[in-house]
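Overview (structure and organization)
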Amino acid sequence: MGKRDELIAKYADDLKTKCGIDADMELLTKVTIGCGPAIYNADASTVAASQEAELETVKNNFLIKKLGLSDGPELMEAIKSVLETYGMSERNKYRAVVYYMLTKHFGKESIYS
């Protein structure tokens, strides 16, 4: 099992144990691959939920550029909702898990097909 496969298994476990979500493994794998080399960098692999600039980055680079959504207050509301589901006290909020939940939230799975 390669490093990426180990990370995907860890993300699936986070979804199940911390978020109560059974992961669509095919979609989770594609979202993880879409994160690129960031998943291997300790800092870049997580979302700093308490930093407004980080949330703006998620909104602009993922929701608007990658998923093709129009900017509006519902984007930040969705990000905060996903982070609440993950657990605000949870120190490591993995980027791939957050992106997966946002993809599902907006019904944009087709972006990864």
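Everything below is about the structure printed above this text.
On a predicted model such as this, the values are computed, not experimentally measured, just so you know. (Residues numbered from 1 in each chain as written. Predicted model: local features only at pLDDT ≥ 70, side-chain atom pairs only at ≥ 80, totals over all residues. Heavy atoms only, no water.)

Another point: the overall build of the protein chain. Scanning the protein chain from N- to C-terminus turns up 5 helices and 0 strands. Along the protein chain, from the amino end to the carboxyl end, the secondary structure elements read α-α-α-α-α. Rg of the C-alpha trace for the protein chain: 13 Å, near the compact-globule value of 13 Å for 113 residues, within the 12% margin. Taken over the C-alpha atoms alone, the protein chain extends approximately 40 × 35 × 25 Å along its principal axes. Across the 113 residues of the protein chain, 41% fall into the buried class. Put simply, 64% of the contacts in the protein chain that link residues at least 6 apart link residues at least 24 apart. Only carbon and sulfur atoms are counted for the fraction: they give 48% of the accessible area of the protein chain, which is about 6,000 Å². The average position of the 15 basic charges and that of the 17 acidic charges among the side chains of the protein chain differ by 3 Å. (Helix = DSSP H or I, 4+ residues; strand = E, 2+ residues; numbered from the N terminus. Rg over C-alpha atoms; globule rule 2.2 N^0.38 Å. Buried < 20%, exposed > 50% of the residue type's maximum accessible area, 1.4 Å probe, protein only. Contact = heavy atoms within 4.5 Å. Areas by Shrake-Rupley, 256 points an atom, 1.4 Å probe, with all protein chains shown as cover. Lys, Arg positive; Asp, Glu negative; His and termini not counted. Charge placed at Lys NZ, Arg CZ, Asp CG, Glu CD.)

Residues Y11, L63, I79, V98, M101 and L102 are the most contacted members of the largest nonpolar core, which totals 35 residues. Look past the residues within four positions of V98 in its chain and what remains in contact with it is V47, V82, L83, Y86 and K93. (Core = buried A, V, L, I, M, F, W, Y, C linked by side-chain atoms within 4.5 Å.)

Moving on, we get to the packing of aromatic side chains. Under the criterion given, the structure shown has 2 aromatic pairs. On the numbers, 3.9 Å between centres and 10° between planes, the contact of F62 with Y99 is stacked. Highlighted residues: F62 in helix α3 (residues 52-66) and Y99 in helix α5 (residues 95-105), separated in sequence by 37 residues. You can call Y99 buried: its relative accessible area is 9%. (Phe/Tyr/Trp six-rings, centres within 6.5 Å; stacked < 30°, edge-to-face > 60°.)

When we look at burial in helix α2 (residues 25-34), the residues that qualify are L27, L28, V31 and T32. Down the axis, α2 shows its buried residues gathered within 135° of arc, on one side only. Across α2 from its buried face, at more than 90 degrees, point the exposed residues E26 and G34. In this structure, the buried side of α2 is in contact with α1 (3-19) and α5. Here α2 starts with a cap whose side-chain oxygen sits 3.2 Å from the backbone nitrogen of E26, and that cap is D24. Downstream of α2 by a residue or two, G36 has a phi angle that is positive, lying close to 65°. (Arc of directions from axis to C-beta. Polar contact = N/O pair within 3.5 Å; in protein donor to acceptor, adjacent residues only side chain to side chain.)

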